[in-house]
Amino acid sequence: MRRFRYCKHLNIEIVSRGVKMSQKNQSKVFYLLKKHRVMELKLLQKNLDNRSRASIFRDFSLIDYYSSYSHWGKFYTLKSTPSFDKYGIWHFDNIGFSKHGNLRETIIHFVNDSNCGMKHLDLKDRLQISVYDALLDLVRSSEIARVDLNGSFLYVNKDISISRIQIERLEKKLMLKTKSQLNNIPTWIAIEVLSEVIRESQATAEPLKIAARLSLRGLKIAFDEVKQILEFYEVKKNLLMK
């Protein structure tokens, strides 16, 4: 009976010491991150007597922190440190942190939260790192979807009903943009371009060739203007007007 009590009390003492040690290490991790703002895991280990990764992650579980979405998540900061921009992104030098989680979670959030879906370059500019491989993995794992819009991929919500709305919004946005640009082009130019398409019904409806034919007739109409008019009226290449 005495032996049982002794072991029991000894066990409580060991546990108590373990809790105190954990709290002490937790305080050290908090202090180091507070002092340096951002630290790599290896540097944390070095400052904590080369503690194991598992031990440090146990310490992390007792504090609020973010891990970087860049640099393979190797950098850490306290949740109170970042000053996030309107997208929930914060950079410390070239190290990126996101309030939405790691790189995959952040991409999923941006794609799903977007009114019109997002393109690779949009995400790359926002996150300041290459996201091509991450996008490919997310598409393959069906966590997001992508559609081919004239040779350019648009990343959208995996839910078809939501992605359809995103695509419709994008098409409307592009149409309004084209219409706005077209409003700056004189009406007579639009008439001449469309008349040339109809006149040369057996010719290829390509902006460069149409601009060249108009030039031969003494009409100096810019390639960009011809292109905008054809796109607005949805005149496709090799379309024969009848």
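Below you will find a few notes about this structure. (Residues numbered from 1 in each chain as written. Predicted model: local features only at pLDDT ≥ 70, side-chain atom pairs only at ≥ 80, totals over all residues. Heavy atoms only, no water.)

1. A look at the environment of Ile-210
Put simply, the rule reads: Counting from the N terminus, the helices are the DSSP runs of H or I reaching at least four residues and the strands are the DSSP runs of E reaching at least two. Here, two residues are considered to be in contact whenever any of their heavy atoms come within 4.5 Å of each other.
Turning to its location among the elements, Ile-210 is positioned in helix 9 (residues 207-216). Along the sequence, Ile-210 and Val-193 sit 17 residues apart, while their C-alpha atoms lie 7.3 Å from each other. Ignoring any residue separated from it by four or fewer positions in sequence, one finds Ile-210 in contact with Val-193, Glu-196, Val-197, Ala-205, Val-226 and Leu-230.

2. Observations concerning the packing of helix 8 (residues 187-199) against helix 9
For the record, the criterion: What counts as an axis is a line fitted to C-alpha atoms, over the stretch in contact for a helix, and the angles between N-to-C directions run from 0 to 180 degrees. Angle categories: roughly parallel below 35 degrees, roughly antiparallel above 145, roughly perpendicular from 65 to 115, and oblique for all the rest. Basically, the charged four are Asp, Glu, Lys and Arg, the nonpolar ten are Ala, Val, Leu, Ile, Met, Phe, Trp, Tyr, Cys and Pro, and anything else, Gly included, counts as polar.
Across the interface, helix 8 lies against helix 9 with an axial gap of 10 Å and an inter-helix angle of 100°. What the angle tells us is that helix 8 and helix 9 run roughly perpendicular. In this structure, helix 8 uses Glu-192, Val-193, Glu-196 and Val-197 to contact helix 9, whose residues at the interface are Ile-210, Arg-213 and Leu-214. The residue makeup of the contact of helix 8 with helix 9, split by class, is four nonpolar, no polar and three charged.

3. Brief notes about the nonpolar core
Worth spelling out the cut-off: For this analysis, a nonpolar core means a set of buried residues of the types Ala, Val, Leu, Ile, Met, Phe, Trp, Tyr and Cys, connected via side-chain atoms within 4.5 Å. Accessibility here uses a 1.4 Å probe with only protein chains present; expressed as a share of the type maximum, an area under 20% marks a residue as buried, one over 50% as exposed, and anything in between as partly exposed.
Grouped together as the largest cluster of nonpolar side chains are 16 residues, with contacts concentrated most on Leu-103, Ile-107, Leu-123, Leu-127, Val-131, Leu-135 and Ile-144. Going through the elements one at a time, helix 4 (103-113), helix 5 (120-127) and helix 6 (132-140) are the ones with two or more residues in this core. Per element, the largest residue contribution to this core is five residues, and it comes from helix 4. The contact partners of Ile-144, leaving out residues within four places of it in the chain, are Ile-108, Val-111, Leu-135, Leu-138, Val-139, Tyr-155, Val-156 and Lys-158.

4. Digging into the pattern of salt bridges
Side chains bearing opposite charge may pair, as long as their charged atoms lie close to each other. What counts is decided by this rule: A pair is scored as a salt bridge if a Lys or Arg side-chain nitrogen falls within 4 Å of a carboxyl oxygen belonging to Asp or Glu.
Counted according to the given criterion, the structure contains six salt bridges. In this structure, Arg-51 engages Asp-59 in a salt bridge whose closest nitrogen and oxygen atoms are separated by 2.2 Å. The pair formed by Arg-51 and Asp-59 is uniform in burial state, with each residue classed as buried. Linking Glu-192 and Arg-217 is a salt bridge whose minimum nitrogen-to-oxygen distance equals 3.0 Å. Of this pair, Glu-192 sits in helix 8 while Arg-217 is found in the loop between helix 9 and helix 10 (223-232), placing the two residues 25 residues apart along the sequence. A relative accessible area of 22% places Glu-192 in the partly exposed class. Here Arg-217 falls in the partly exposed class, since its relative accessible area comes to 39%.

5. Focus on the pairing of strand 3 (residues 75-78)
Operational definition: Strands qualify as paired when DSSP identifies two bridges or more between them.
Both faces of strand 3 are covered, namely the face carrying Phe-75 and Thr-77 and the face carrying Tyr-76 and Leu-78. As defined by bridge partners, strand 1 (residues 39-40) adjoins strand 3 across two bridges and the pair is classed as antiparallel. Following the sheet pairing, Glu-40 is matched in strand 3 by Phe-75. Where strand 2 (residues 65-67) and strand 3 come together, three bridges link them in antiparallel fashion. Note that in strand 3 the partner of Tyr-66 across the bridge is Thr-77.

6. Quick notes on the sheet that holds strand 1
In a beta sheet, neighbouring strands pair by backbone hydrogen bonds and run either parallel or antiparallel. The antiparallel open sheet is built from three strands, whose spatial order is 1-3-2. Edge positions in the open sheet fall to strand 1 and strand 2, since each of these has one partner strand only.

7. As for the pairing of strand 4 (residues 89-92)
Sheet topology places strand 4 next to strand 5 (residues 95-98); four bridges connect them, and they run antiparallel. Its bridge partner being in strand 5, Ile-89 is matched across the sheet by Ser-98. From the end of strand 4 to the start of strand 5, which pair antiparallel, there are two residues, and Asp-93 there has a positive phi angle of about 55°.

8. Quick word on unusual backbone geometry
Phi at His-71 takes a positive value of approximately 55°, unusual for a residue other than glycine. Locating His-71 in the fold gives a position in the loop between strand 2 and strand 3. By relative accessible area, His-71 is classed as partly exposed at 26%. Positive phi, normally seen in glycine, also occurs at Gln-128, with a value near 65°. Note that Gln-128 resides in the loop between helix 5 and helix 6. Judged by relative accessible area, Gln-128 falls into the exposed class, the value being 56%.

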